[in-house]
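# Chains, contacts and geometry: an overview
Here's the letter readout for the chains.
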Amino acid sequence: MTRTIVLIGPMGSGKSTIGRLLAARLHIPYVDSDQLIVNHTGVDIPTIFEIEGEAGFREREAKVIADLQEQANPMVLATGGGAVLDPRNRGHLRQMGRVIYLDISVAEQLKRVRHDRNRPLLQNTDLETRLEQIARQRNHIYQQTAHWRVSGDGLRSDQVLRRILRHL
Ligand code: S3P
């Protein structure tokens, strides 16, 4: 039986795009933890950050991931870039199935997330400095949490998808 696949990695690494493609190819549901939070609250992520702060968002994220971990059916789960910060989530994600780290450089990220208005952590800041700071804080955590890492730099989504499929 197909196992659950969890995609982790920084903002703009392609977790949602590749997650959708992967789910379609494997004929299993695609689930996006950010989207579940938006569905539950009825507001977008910037609004949640505005009202509840990052801490409130993280609590919601942890709750969604804990609930998903209890589901038996396989899925492709795309997580938010900061989901791995909470050790509880790291444990849950690894218990769910195969965890893949979509790795991209800050240079590549810059091209993809410029002009983004839906990511509160990237607003009103020097984008490159911020992305570098986040990468320093998180990249080793992605590495430790994942069973496998795939680099997406310079690759189209279908090429990343092919690499993943070869490895499953
Ligand atoms: C975040 C990434 C976002 C979203 C929220 C916080 C982060 O998801 O969960 O804005 O801390 O890196 P994406 O990685 O899908 O952009």
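Structure report, in brief. Sequence positions are assigned chain by chain, starting from 1 and proceeding in written order. Residues qualify for local features only when their pLDDT is at least 70, as the model is predicted, and side-chain atom pairs are given and counted only at 80 or more; totals for whole chains, interfaces and linings, by contrast, use all residues. Hydrogens and waters are ignored; side-chain quantities use all the structure's heavy atoms.

### A few points about empty space enclosed by the protein
The condition that has to hold: Note on definitions: the grid is 1 Å and covers protein atoms alone; a cavity is a set of points where a 1.4 Å probe fits but cannot get out; a pocket is an open set with protein on both sides within 12 Å along at least five of seven lines; lining residues have an atom within 4 Å of a point. Grid points are joined across faces, edges and corners, and a volume is the space filled by probe spheres set on the points. Three classes are used, and their members are as follows: Ala, Val, Leu, Ile, Met, Phe, Trp, Tyr, Cys and Pro are nonpolar, Asp, Glu, Lys and Arg are charged, and the others, Gly among them, are polar.
Here the structure, examined in full by the defined rule, presents 1 cavity of 30 Å³ or more. The volume enclosed by the largest cavity comes to roughly 50 Å³. Every residue along the wall of the largest cavity is listed here: P10, I104, Q109, I134, A135, R138, N139 and Y142. Classifying every residue of the lining of the largest cavity by side-chain character gives 5 nonpolar, 2 polar and 1 charged.

### Topic: the packing of helix α2 (residues 33–41) against helix α3 (residues 45–69)
Heads up, the rule is: Lines are fitted to the C-alpha atoms to define the axes, a helix being fitted only along its stretch in contact, and any angle between axes, read from their N-to-C directions, falls within 0 to 180 degrees. Strands are runs of DSSP state E lasting at least two residues, helices are runs of H or I lasting at least four, and both sets are numbered from the N terminus onward. Under this scheme an angle from 65 to 115 degrees is roughly perpendicular, one under 35 degrees roughly parallel, and one over 145 degrees roughly antiparallel; angles in between are oblique. When the near helix sits turned anticlockwise from the far one by under a right angle, the crossing is termed left-handed; a clockwise turn instead gives a right-handed crossing. Residue contacts are defined here by distance: any two heavy atoms, one from each residue, within 4.5 Å place the two residues in contact.
It is the contact of α2 with α3, at a shortest axis distance of 9 Å, that shows an interaxial angle of 115°. Here α3 runs roughly perpendicular to α2, going by the angle between their axes. In this structure, the crossing between α2 and α3 has a hand that is right-handed. Residues S33, D34, L36, I37, V38, H40 and T41 of α2 form the contact with α3, whose own contacting residues are I45, I48, F57, R60, E61, V64 and L68. Looking at side-chain class alone, the contact of α2 with α3 contains 8 nonpolar, 3 polar and 3 charged residues.

### Details of the packing of aromatic side chains
How two aromatic rings sit relative to each other is set out by the distance from centre to centre and by the angle between their planes. This is how the line gets drawn: A pair of aromatic rings is counted whenever rings of Phe, Tyr or Trp (Trp by its six-membered ring) have centres within 6.5 Å, and the orientation is called stacked for planes under 30 degrees apart, edge-to-face for over 60 and tilted otherwise.
As enumerated under the stated definition, the model contains 2 aromatic pairs in all. Each ring, one from F49 and one from F57, has its centre 5.0 Å from the other, and the planes form 35°; the classification is tilted.

### Digging into the nonpolar core
Within soluble globular proteins, side chains that are nonpolar generally end up buried alongside one another. Applicable threshold: Definition of nonpolar core: a set of buried residues of the types Ala, Val, Leu, Ile, Met, Phe, Trp, Tyr and Cys, connected through side-chain atoms within 4.5 Å. Exposed residues in this analysis have more than 50% of their type's maximum accessible area, buried residues have under 20%, and partly exposed residues fall in between, with area computed by a 1.4 Å probe over protein chains only.
If you look at the biggest cluster of nonpolar residues, it comprises 32 residues, and the most contacted ones within it are I8, L77 and L93. Take this core: its biggest share by element is 7 residues, from α3. In contact with I8, other than residues within four places in its own chain, are K15, T79, V84, L93, V99, I100, Y101, L102, Y142, T145 and A146. Membership of the second largest hydrophobic core comes to 16 residues, among which are L7, I18, L102 and I164.

### Remarks on the pattern of salt bridges
The condition is simple: Criterion for a salt bridge: a side-chain nitrogen of Lys or Arg within 4 Å of a carboxyl oxygen of Asp or Glu.
Applying the stated rule across the entire model yields 12 salt bridges. Of the charged contacts in the structure, one is a salt bridge between E108 and R112, with a shortest N-O distance of 3.2 Å. With E108 and R112 both in helix α5 (residues 106–113), this residue pair falls 4 residues apart, about one helical turn. The buried category is assigned to E108, whose relative accessible area is 13%. R112 gets classed as partly exposed once you look at its relative accessible area, which sits at 32%. A salt bridge links R162 to D158, with the nearest nitrogen and oxygen atoms 3.3 Å apart. Of this pair, R162 and D158 both sit in helix α7 (residues 157–167), 4 residues apart, which is roughly one turn of the helix. For D158, a relative accessible area of 32% corresponds to the partly exposed category. Put simply, E54, R58 and E61 are held in one network by salt bridges that share partners.

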